[in-house]
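# Structure at a glance
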Amino acid sequence: MGKSHSTLAKQKGSSKDTLTTAPEYTDIQNEDDEKNGDVSQFPYVEFTGRDSVTCPTCQGTGRIPRGQENQLVALIPYSDQRLRPRRTKLYVTVSVALCLLLSGLAVFFLFPRSIDVSYVGVKSAFVSYDQDRRIVYLNITNTLNITNNNYYAVSVTNITAQVQFSKTVIGKAKLSNATMIIPLDKQQIDYMVPTTIADEMSYMFDYCTLQSIKVHNIVVMMQVTVTTTYFGHAEQVSQEMYQYVDCGGNTTSLHGHVKVYQ
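Residues numbered from 1 in each chain as written. Predicted model: local features only at pLDDT ≥ 70, side-chain atom pairs only at ≥ 80, totals over all residues. Heavy atoms only, no water.

## With respect to the overall build of the protein
Broken down by element type, the protein carries four helices and 11 strands. Expressed as a percentage of its 262 residues, the buried residues of the protein come to 29%. Taking the contacts inside the protein whose residues are at least 6 apart along the sequence as the reference set, 59% of them involve residues at least 24 apart. Carbon and sulfur atoms make up 56% of the accessible area of the protein, which amounts to about 18600 Å² in all. (Helix = DSSP H or I, 4+ residues; strand = E, 2+ residues; numbered from the N terminus. Buried < 20%, exposed > 50% of the residue type's maximum accessible area, 1.4 Å probe, protein only. Contact = heavy atoms within 4.5 Å. Areas by Shrake-Rupley, 256 points an atom, 1.4 Å probe, with all protein chains shown as cover.)

As structure tokens, then:
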């Protein structure tokens with residue numbers, strides 16, 4: 001009787017081992033493991049048939065179940081070339097280089113440069129006299145060269161000048177809205193300053209009208225201030241120089257040569 005129970009237990013144990021190692025049980029266990037595994041290993045499956053429609057996000061290359069168009073999206077493999085950036089470093093490098101180039105060009109062309117003002121000299125001097133009041137009237141025309149070294153136009157808004165003789169101001173003038181100078185160009189501008197020699201300097205009337213000498217040169221100091229504007233910015237350039245002026249007759253200077261008209 002004891003042998004029968006032991007034999008039965010042994011048979012139950014062997015049958016349990018047989019059931020555990022059966023191919024059907026192994027397949028079921030493998031299926032459960034696959035269901036419980038990583039979802040990322042699940043392959044892409046296209047649904048075909050009457051119960052499926054074209055995937056709206058697959059560009060017509062996939063099928064999804066009908067009625068789930070707004071719930072499902074296309075499944076793209078990680079190795080798909082469309083997910084890999086193409087020439088990103090090249091595009092970034094070219095963009096940065098282009099920005100640096102444009103910035104450098106903007107700084108080079110828009111950087112403000114100096115406006116050069118050079119005094120050429122006295123172009124002409126016209127003399128008249130008031131013998132009763134012993135006054136000498138002298139209209140002096142001067143010439144300036146203004147050079148624009150910028151890559152944009154510059155406006156010469158005004159030119160202010162005055163003439164001094166023996167530390168006394170004998171004439172002033174102001175020329176407004178003179179001209180516009182184009183980029184990298186030079187303009188020559190003439191301006192006239194009317195002067196009067198009188199009062200405490202009336203003794204100069206005798207000198208300027210003295211017939212025994214041919215040339216009646218006097219030394220005057222020319223002061224000129226040129227105001228230019230560009231991009232809303234105003235810049236002033238001033239100069240001072242001494243010049244000989246003949247107060248005994250009308251004179252005209254052409255290329256450095258002076259002609260006297262009695």
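Now, onward.
## Remarks on the state of the cysteines
The tally for this structure, following the rule as stated, stands at one disulfide. One disulfide bridge connects Cys-208 with Cys-247, the sulfur atoms lying 2.0 Å from each other. Looking along the S-S bond of the Cys-208-Cys-247 disulfide, the torsion reads about -95 degrees, which is the left-handed sense. Placement of Cys-208 in helix α4 (residues 203-208) and of Cys-247 in the loop between β9 (233-246) and β10 (250-254) is noted, with a sequence separation of 39 residues between them. (Disulfide = S-S within 2.5 Å.)

## Looking at the environment of Gly-248
Note that Gly-248 resides in the loop between β9 and β10. Residues Gly-248 and Leu-210, spaced 38 residues apart in sequence, show a C-alpha to C-alpha distance of 7.9 Å.

## Examining the packing of aromatic side chains
By the definition in use, this model includes six aromatic pairs. Taking 5.6 Å as the distance between ring centres and 45 degrees as the angle between the ring planes, the aromatic pair formed by Tyr-152 and Tyr-230 counts as tilted. Of this pair, Tyr-152 sits in the loop between β4 (135-148) and β5 (154-165) while Tyr-230 is found in strand β8 (residues 217-230), placing the two residues 78 residues apart along the sequence. Using a relative accessible area of 7% as the deciding quantity, one classes Tyr-230 as buried. With a centroid separation of 4.6 Å and 40 degrees between ring planes, the pair formed by Tyr-152 and Phe-231 is classed as tilted. Residue Tyr-152 is found in the loop between β4 and β5, and its partner Phe-231 is found in the loop between β8 and β9; the two are separated by 79 residues along the sequence. For Tyr-152, a relative accessible area of 8% puts it in the buried group. (Phe/Tyr/Trp six-rings, centres within 6.5 Å; stacked < 30°, edge-to-face > 60°.)

## Some details on the pattern of salt bridges
Tallying each qualifying case throughout the model produces three salt bridges. The partner of Lys-123 in a salt bridge is Asp-190, and the shortest N-O contact between them spans 2.7 Å. Taken as a pair, Lys-123 in strand β3 (residues 115-130) and Asp-190 in strand β7 (residues 186-197) lie far apart in primary sequence, 67 residues in all. Overall, the relative accessible area of 33% leaves Asp-190 in the partly exposed class. For Asp-206, the salt bridge goes to Arg-134, with nearest N and O atoms at 2.5 Å. Taken as a pair, Asp-206 in helix α4 and Arg-134 in the loop between β3 and β4 lie far apart in primary sequence, 72 residues in all. (Salt bridge = Lys/Arg side-chain N within 4 Å of Asp/Glu carboxyl O.)

## Thoughts on the sheet that holds β5
Strand order in the open sheet made by the four strands is β6-β5-β8-β9, with antiparallel pairing throughout. At either end of the open sheet lies a strand with only one pairing partner, and these are β6 (168-181) and β9. Across the sheet, the mean angle from the axis of one strand to that of its neighbour is 15 degrees, orientation sign disregarded. Direction of pairing for β8 relative to β9: antiparallel, over a ladder of 14 bridges. (Pairing = 2+ DSSP bridges. Axes fitted to C-alpha atoms, helices over the stretch in contact; angles between N-to-C directions.)

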